[in-house]
Amino acid sequence: MEQQSKAPQDIRNVVNFLRSSSAGMKVRVGVLNGKRVDYFKGKGAVKALLSPAYVKLKNVPKVADEEEAQRLLLTVIPFAFFLRVERGAPSGTSSNSPKQLQITQMQTFVASDYYAWFYEGSQWTTYLGGVAMVAIMLAGVMFPLWPPIMRLGVWYLSIGVLGLIGLFFALAVVRLIFYIITVIVASPGIWIFPKLFADVGFVESFIPLWEWDLPKKKGKKKRSEKGKAVNGGSPAPSAHIEEIQDSGSSRPASRTAARIEEVPEEDS
């Protein structure tokens, strides 16, 4: 945008900080005019300007409290790095789909409002990634022209990687067979490397060496205890139905009436 090119260097430094991961802002994804854009809440930007990471920056305006942070963010809005938006309903049928965004006419800064990014930040990492990808593709295409020593090294490296993958699958099969045997011989069974498929680090996947396959205990309350808690420890009363003969002359003698009485439950 033309307004962004007119921004002074200190304002640009502030925007680059807010757009980077070091700011620690929660970035959401919304839909604006049919396109996906990133947006954030104003309160997150205020916290980022008050963080220790911002204090360490050079050539940026100093911020002492929340009021100064809000004034600084207000001075950034005219350069259209981000604009105030209103968040609407989800763009899809699911409630987790990106929300609809709409730019508001009154552009000011309020900590409780949302702001959409119109600035992608520094692109040097994108450029480096593109150059690295092209270099890898060219190196793969020109593999027949590599020196024999380099091609031999790549061959040994590929054999080593395939060996590690095969060892991993073999270990998974062996631990499953061992578990089935121990379930039959020594119930409830033993797992070798119980955290092998857990979401942990590489070293933690092999610690401990083995573990019993014990079921997780779940506390269950007895129904009798729940009944005592509701009735204050006394047994619940029961209903007793007694049929009596109707003595009225206007009704047939064979017709009976039912009377319900509540009597305390006797201990057996």
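Refer to the structure presented above.
Residues numbered from 1 in each chain as written. Predicted model: local features only at pLDDT ≥ 70, side-chain atom pairs only at ≥ 80, totals over all residues. Heavy atoms only, no water.

Enquirer: Honestly, the overall build of the protein chain in this entry has me stumped. Any pointers?
Expert: Scanning the protein chain for helices and strands turns up eight helices and nine strands. Looking at the protein chain residue by residue over its 268 residues, the buried ones come to 22%. In the protein chain, the proportion of contacts linking residues at least 24 apart, taken out of those at least 6 apart, comes to 51%. (Helix = DSSP H or I, 4+ residues; strand = E, 2+ residues; numbered from the N terminus. Buried < 20%, exposed > 50% of the residue type's maximum accessible area, 1.4 Å probe, protein only. Contact = heavy atoms within 4.5 Å.)

Enquirer: Could you clarify how one ought to interpret the packing of aromatic side chains in this entry?
Expert: Ring pairs (aromatic) are described by centroid distance and by the angle formed between their planes. All told, the structure shown has 17 aromatic pairs when counted by the stated rule. Measuring from centroid to centroid gives 5.3 Å for Phe40 and Phe82, while their planes differ by 80 degrees, and the two rings are edge-to-face. Of this pair, Phe40 sits in strand S2 (residues 35–41) while Phe82 sits in strand S3 (residues 82–90); the two residues are 42 residues apart in sequence, bridging distant segments of the chain. With 5.1 Å between their ring centres and 85 degrees between their planes, Phe81 and Tyr119 make a pair best called edge-to-face. With Phe81 in the loop between helix H5 (66–76) and S3 and Tyr119 in the loop between strand S5 (114–117) and helix H6 (124–141), the pair connects residues that are 38 residues apart, well separated along the chain. Like Phe81, the residue Tyr119 is buried in the burial classification. (Phe/Tyr/Trp six-rings, centres within 6.5 Å; stacked < 30°, edge-to-face > 60°.)

Enquirer: How do you make sense of a positive patch on the surface when you look at a structure like this?
Expert: Together, Lys26, Lys41, Lys43, Lys47 and Arg87 make up a region of like positive charge exposed at the surface. Its place among the elements puts Lys26 in the loop between helix H2 (9–19) and strand S1 (28–32). On the accessibility criterion, Lys26 (59% relative accessible area) is exposed. (Patch = residues over 30% accessible without salt bridge, like charges linked within 9 Å, V, L, I, M, F, W, Y side chains within 5 Å. Areas by Shrake-Rupley, 256 points an atom, 1.4 Å probe, with all protein chains shown as cover. Salt bridge = Lys/Arg side-chain N within 4 Å of Asp/Glu carboxyl O. Lys, Arg positive; Asp, Glu negative; His and termini not counted. Charge placed at Lys NZ, Arg CZ, Asp CG, Glu CD.)

Enquirer: Where do I start with the pattern of salt bridges in this structure?
Expert: Where charged atoms from two side chains of opposite charge approach closely, those side chains can pair. Tallied over the entire structure, the rule returns three salt bridges. Between Arg19 and Asp38 there is a salt bridge; the shortest N-O distance is 3.2 Å. Residue Arg19 is located in helix H2, and its partner Asp38 is located in strand S2; the two are separated by 19 residues in the primary sequence. Between Arg19 and Glu120 there is a salt bridge, with its nearest N and O atoms 3.8 Å apart. Taken together, the positions of Arg19 in helix H2 and Glu120 in the loop between S5 and H6 put the pair 101 residues apart, joining distant regions of the chain. A residue is classified by how much of its surface remains accessible, and Arg19, at 18% relative accessible area, is buried. Among the charged side chains, a network of salt bridges with common partners joins Arg19, Asp38 and Glu120.

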